[in-house]
Amino acid sequence: MNYDTFVDQVTQRTRTSPEQGVALTRAVLQTLAERLTGGEMLDLAAQLPRPLQVVVKPAPGDESAQRFGAAEFVARVAQRAGVTEPAARDAARAVFTTLREAVSGGEFDDVVTQLPRDYREMVEPAMAPGATLRRG
């Protein structure tokens, strides 16, 4: 999936302007990058369009994932994008759904496996029919 298609999908799913769709996409991906290990973010970045790769690539040598729950995830997205928390939660669902379409199923599963159970409300709409959330 190319960059324009990715952002267009998020924009349509969030029913916002193209500019807001870009801001929401970036805010969700930046926050996701903080939550996942550096190795997983490199794997994910490899499957994203180039303009989004720079958003998620970890700093060299930064392998650690920050530990925070879904509420903190939504709060960080809201602050970054300048939106309300309900809008940030909707944006997270839209980005996860678009991410699921943009990367391989195995890569998406690897990302989901690193997220705690309280992220389920944001991630489950993106899951393919019959898919199960694995917890590691």
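Brief notes about the pattern of salt bridges
For side chains bearing opposite charge, pairing can occur when the charged atoms are close.
Then, number 1: Tallying each qualifying case throughout the model produces 7 salt bridges.
Then, number 2: For Asp 90, the salt bridge identified is with Arg 93, shortest N-O distance 2.9 Å. With a gap of 3 residues between them, Asp 90 and Arg 93 both fall in helix α6 (residues 85-102), about one helical turn apart.
Then, number 3: Classification of Asp 90 as partly exposed rests on a relative accessible area of 43%.
Then, number 4: In this structure, Glu 121 engages Arg 93 in a salt bridge whose closest nitrogen and oxygen atoms are separated by 2.3 Å. Separated by 28 residues along the polypeptide, Glu 121 in helix α8 (residues 120-123) and Arg 93 in helix α6 bring together distant segments of the chain.
Then, number 5: In this structure Glu 121 comes out as partly exposed when scored by relative accessible area, which is 45%.
Then, number 6: A relative accessible area of 21% means that Arg 93 is categorised as partly exposed.
Then, number 7: Three or more residues are tied together by salt bridges with common partners; here these are Glu 34, Glu 72, Arg 76 and Arg 80.

A word on the nonpolar core
Then, number 1: Counting 41 residues, the largest nonpolar core has Leu 32, Phe 73, Phe 96, Leu 99 and Phe 108 as its most contacted members.
Then, number 2: Put simply, the parts of the chain that give this core at least two residues each are α1 (3-14), α2 (18-35), α3 (38-45), α4 (50-56), α5 (70-81), α6, α7 (105-113) and α8.
Then, number 3: If near-sequence neighbours (up to four positions away) are discounted, Leu 32 is found in contact with Met 41, Leu 44, Phe 73, Phe 96, Leu 99, Val 111 and Leu 115.

Criteria and cut-off values
Residues numbered from 1 in each chain as written. Predicted model: local features only at pLDDT ≥ 70, side-chain atom pairs only at ≥ 80, totals over all residues. Heavy atoms only, no water. Salt bridge = Lys/Arg side-chain N within 4 Å of Asp/Glu carboxyl O. Helix = DSSP H or I, 4+ residues; strand = E, 2+ residues; numbered from the N terminus. Buried < 20%, exposed > 50% of the residue type's maximum accessible area, 1.4 Å probe, protein only. Core = buried A, V, L, I, M, F, W, Y, C linked by side-chain atoms within 4.5 Å. Contact = heavy atoms within 4.5 Å.

On their own, these measurements won't tell you what the molecule is for.
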